[in-house]
Amino acid sequence: KAGSKIGIDPYIHTVGKVRTYTEALQKAGQSLSMLYDANLVDEIWQERPAPSQNKLRIHGLEFSGATVSQKLQEIRNKMKEQNASVMVISMLDEVAWITNLRGADVEFTPTFVAYFVLTLEAATLYVDQVKITDEVKNHLQQSDVQIKRYEDVTEDVKQLAEKKQKFLISPSTLNFALYNVALQAFGGDKG
């Protein structure tokens, strides 16, 4: 119905999907509303399973084909070609590939819930700390990858954007919430 608002969780929808939804809804005289502070499904889900606390494991070089350091250097070279200084990665399979780590957070896939932020000077994995073993910690430290709390990614992305860093994003993979945090901090209109 014209004038209706459709609410979505911006943490689970990509920038590209939000743009597609917005365009379609505008044509119908409707609008999209981002529910940043309330996930209505979470509020009514009674017997929700606890988040996974499965430990991460290292995906050996014989399977990964390149070290984490090699992968980071290759990505940084591509970032430089694009004149970008920050890349935010929210796709779980991409985070697993970059870090040469595997998990068991999503049934039937070797991924884990995490974000990865890469700058020309630093690399940070945002993940639930309970999943990190000493072996995984050492593996990441060898490639100068910092480990931070999963919840810290939003503030860190905001701080990078406030420094007017140029972000390289993929609209088809980055969630709208992190994109919008960066856009707002950079001084742009709410996307």
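Residues numbered from 1 in each chain as written. Predicted model: local features only at pLDDT ≥ 70, side-chain atom pairs only at ≥ 80, totals over all residues. Heavy atoms only, no water.

(A) Representation of unusual backbone geometry in the model. Positive phi, close to 55°, is recorded for Asn100, a residue that is not glycine. Not every positive phi belongs to a glycine, and Lys164 is a case in point at roughly 60°. Along the chain, Lys164 turns up in the loop between helix H7 (153–162) and strand S9 (167–168). Residue Lys164 is classed as partly exposed on the basis of its relative accessible area of 49%. (Helix = DSSP H or I, 4+ residues; strand = E, 2+ residues; numbered from the N terminus. Buried < 20%, exposed > 50% of the residue type's maximum accessible area, 1.4 Å probe, protein only.)

(B) Highlighting the nonpolar core. If you look at the biggest cluster of nonpolar residues, it comprises 22 residues, and the most contacted ones within it are Leu72, Phe112, Phe116, Leu125 and Val145. Every element with two or more residues in this core is listed here: helix H4 (68–81), helix H5 (92–99), strand S6 (114–119), strand S7 (123–127) and helix H6 (134–141). The greatest single-element share of this core, amounting to 4 residues, is contributed by H4. (Core = buried A, V, L, I, M, F, W, Y, C linked by side-chain atoms within 4.5 Å.)

(C) A look at the packing of H7 against helix H8 (residues 176–186). It is at 8 Å that the axes of H7 and H8 come closest, and there the two elements cross at 35°. For H7 against H8, the interelement crossing comes out right-handed. Here Val153, Thr154, Val157, Lys158, Ala161 and Glu162 of H7 come into contact with H8, specifically with Leu178, Val181, Ala182, Ala185 and Phe186. (Axes fitted to C-alpha atoms, helices over the stretch in contact; angles between N-to-C directions. Left-handed = near helix turned anticlockwise from the far one by under 90°. Contact = heavy atoms within 4.5 Å.)

(D) Expanded view of the pairing of strand S4 (residues 86–89). Pairing of S4 with S6, which is carried by 4 bridges, proceeds in the antiparallel orientation. The residue of S6 that forms the bridge with Met87 is Leu118. Summarising the sheet, S4 and S9 pair through 2 bridges and their orientation is parallel. The residue of S9 that forms the bridge with Met87 is Leu168. (Pairing = 2+ DSSP bridges.)

(E) Region of the structure containing H8. Among the 11 residues of H8, 8 are classified as buried, and the element is accordingly described as predominantly covered. Of all the positions in H8, only Phe176, Ala177, Leu178, Tyr179, Asn180, Val181, Ala182 and Ala185 are classed as buried. Turning to H8, the residues buried within the fold contact helix H1 (15–27), strand S2 (31–34), S4, S6, H7 and S9. Taken from the residues just after H8, Gly187 is the one with a positive phi, measuring 105°.

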